[in-house]
Amino acid sequence: MANLNEKICIIGGGPAGLSAAMYLEQKGYTNYAILEKEDHVGGKCHSPHYNGRRYEMGAIMGVPSYYAVHDVEEFCGITHDGPKLNRNYKNGKGQVIDPFNPKKNPLKIPELMKMKKQLKKLGELLETKYKGYDVNGHRGVAEGRYDGYAVTPGREKISGVNPNLKDLAMPFKDFCEMNGVELIQNIWIGPFTSFGYGYFDEIPAAYVLKYLDFQTTMNFVKVNLWTWKEGTQYIWEQLNEHLAHQARLNSDITSVERKDGKVYVTVNGEVEEFDKVIITAPLQFMPKYFDATEEEKELFSKIDYERYDVLAVETEPQNHPEISYYIFDNMTPDRYGHLMVYYRRWKDDINQVITTYALRNHRGDRRISVNGCRRNVLKDLEKMGNPASEVVNEKSWYYFPHVFSEDYAAGWYDKVEAMQGTNGTYYAGEIMSFGDMDETAEYSRELVDRFF
């Protein structure tokens, strides 16, 4: 029997933490506190102001299959009302190209036709051989089973045994080659690598396909995308305002002690007592301020993350890009630290910043410095014909926490899931699902459904 009066601490005021509070409220829980260390909510959904409008330093868009984000919209009475997205492509020399148009690439027609066939094949494989691949979270995958909510409008809960799911632990590149669909990486790379989620030779296929399930990928291909006029941060600002208890900003948590069936959180120098704690902040850093067990220390030390750098730059009017651009030549591991995509948000105004995106690491141990990446990106903008006149804002994100294939296959997720509820502690956030706002919010929904 649920105790709706339990006092619950939610650590983190990003999409995962705020969504957890919303779903708790919908189940009748109201005695909770959201502790956020920053002076704003939203996490990597960060939308500063420039020239009277908001631009994106983090998440940019959503798709119609973002059902958890739509839950938030309905809860708050808002909708996706932002500027329509579109993009073109350039090669590494700055020349405009159209890589998927056979009329513009007659020599590539055989390859494009083969890619089309492989795309159809992958869709069939995902529906049959890999049934259950697209449920939220990673529970059971390493053991060849699935248990969670399906990515459908009804989000029905499904479960079953499918030994083929073990294949999802291998790097996506290997997964594609094993299944004879290696060319589909040319489609998946745009919304994956350029959005900061790493390279296909290092990231387990489970992450790629749970984020970019077939339905979601086709929405990206067709540019069937959502944006928000006031930015992605606005979604979470609105949710925070509509909650019974708003996030407590500038919360400096220095220690968390779990004893005698209670959780004692020292925040801004004061000790507060809770019955349970939901951690949505990065688990990699949890042992630094928690009384972490040896198992927690061991498991969370396996987490790696991407170094994803975003620059917001001004350009002279004559150098302002007419549209956003993808640069596929720079999305390969040998070009890490270079400009992969740059984004023009507003079609009707050149008096706006352009945001640029670059990954500066590969396989965890190969990386360049923030300054080195910055220099590369600014030089790349010159090569693209859109040189920057000034850097307005920059951010190096702790991005997309994940584990590598060996630990994934060894059951990392099942070990963490087995700890859920121990010492009144629950684990959520990006690492437990995927590093985009919808997957993290959806995992919070499932967490509340399972344990509260």
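Note that the structure is predicted; figures quoted are calculated from it, not measured.

Assigned secondary structure in the protein chain consists of 13 helices and 20 strands. Rg of the C-alpha trace for the protein chain: 22 Å, near the compact-globule value of 22 Å for 452 residues, within the 12% margin. With 452 residues in all, the protein chain has 59% of them scored as buried. Across the protein chain, the fraction of contacts at a sequence separation of at least 24, relative to all contacts at a separation of at least 6, is 72%. Of the charged side chains in the protein chain, 54 are positive and 66 negative, and the gap between their average positions amounts to 6 Å.

Of the pockets and cavities examined, the second largest pocket occupies roughly 450 Å³. Lining the second largest pocket we find 21 residues, and of these Gln-185, Asn-186, Ile-189, Phe-328 and Thr-332 sit closest to its centre. In terms of residue class, the lining of the second largest pocket is made up of 11 nonpolar, five polar and five charged.

Sheet architecture is open: four strands sit in the order S2-S1-S12-S20, paired in parallel fashion. The open sheet terminates on both sides in strands that have one partner only, identified here as strand S2 (32-35) and strand S20 (425-427). On average, each strand axis in the sheet is inclined to that of its neighbour by 15°, with strand direction left out of account. Direction of pairing for strand S1 (residues 8-11) relative to S2: parallel, over a ladder of four bridges. Residue pairing for S2: Cys-9 is matched across the bridge by Ala-33. Packing against the sheet, helix H1 (residues 15-26) makes contact with S1, S2 and strand S12 (276-279), and its axis sits at approximately 155° to S1.

Criteria and cut-off values
Residues numbered from 1 in each chain as written. Predicted model: local features only at pLDDT ≥ 70, side-chain atom pairs only at ≥ 80, totals over all residues. Heavy atoms only, no water. Helix = DSSP H or I, 4+ residues; strand = E, 2+ residues; numbered from the N terminus. Rg over C-alpha atoms; globule rule 2.2 N^0.38 Å. Buried < 20%, exposed > 50% of the residue type's maximum accessible area, 1.4 Å probe, protein only. Contact = heavy atoms within 4.5 Å. Lys, Arg positive; Asp, Glu negative; His and termini not counted. Charge placed at Lys NZ, Arg CZ, Asp CG, Glu CD. 1 Å grid on protein atoms, 1.4 Å probe; cavity = no way out; pocket = protein on both sides within 12 Å on 5 of 7 lines; lining within 4 Å. Points joined across faces, edges and corners; volume = space filled by probe spheres on them. Nonpolar A, V, L, I, M, F, W, Y, C, P; charged D, E, K, R; others polar. Pairing = 2+ DSSP bridges. Axes fitted to C-alpha atoms, helices over the stretch in contact; angles between N-to-C directions.

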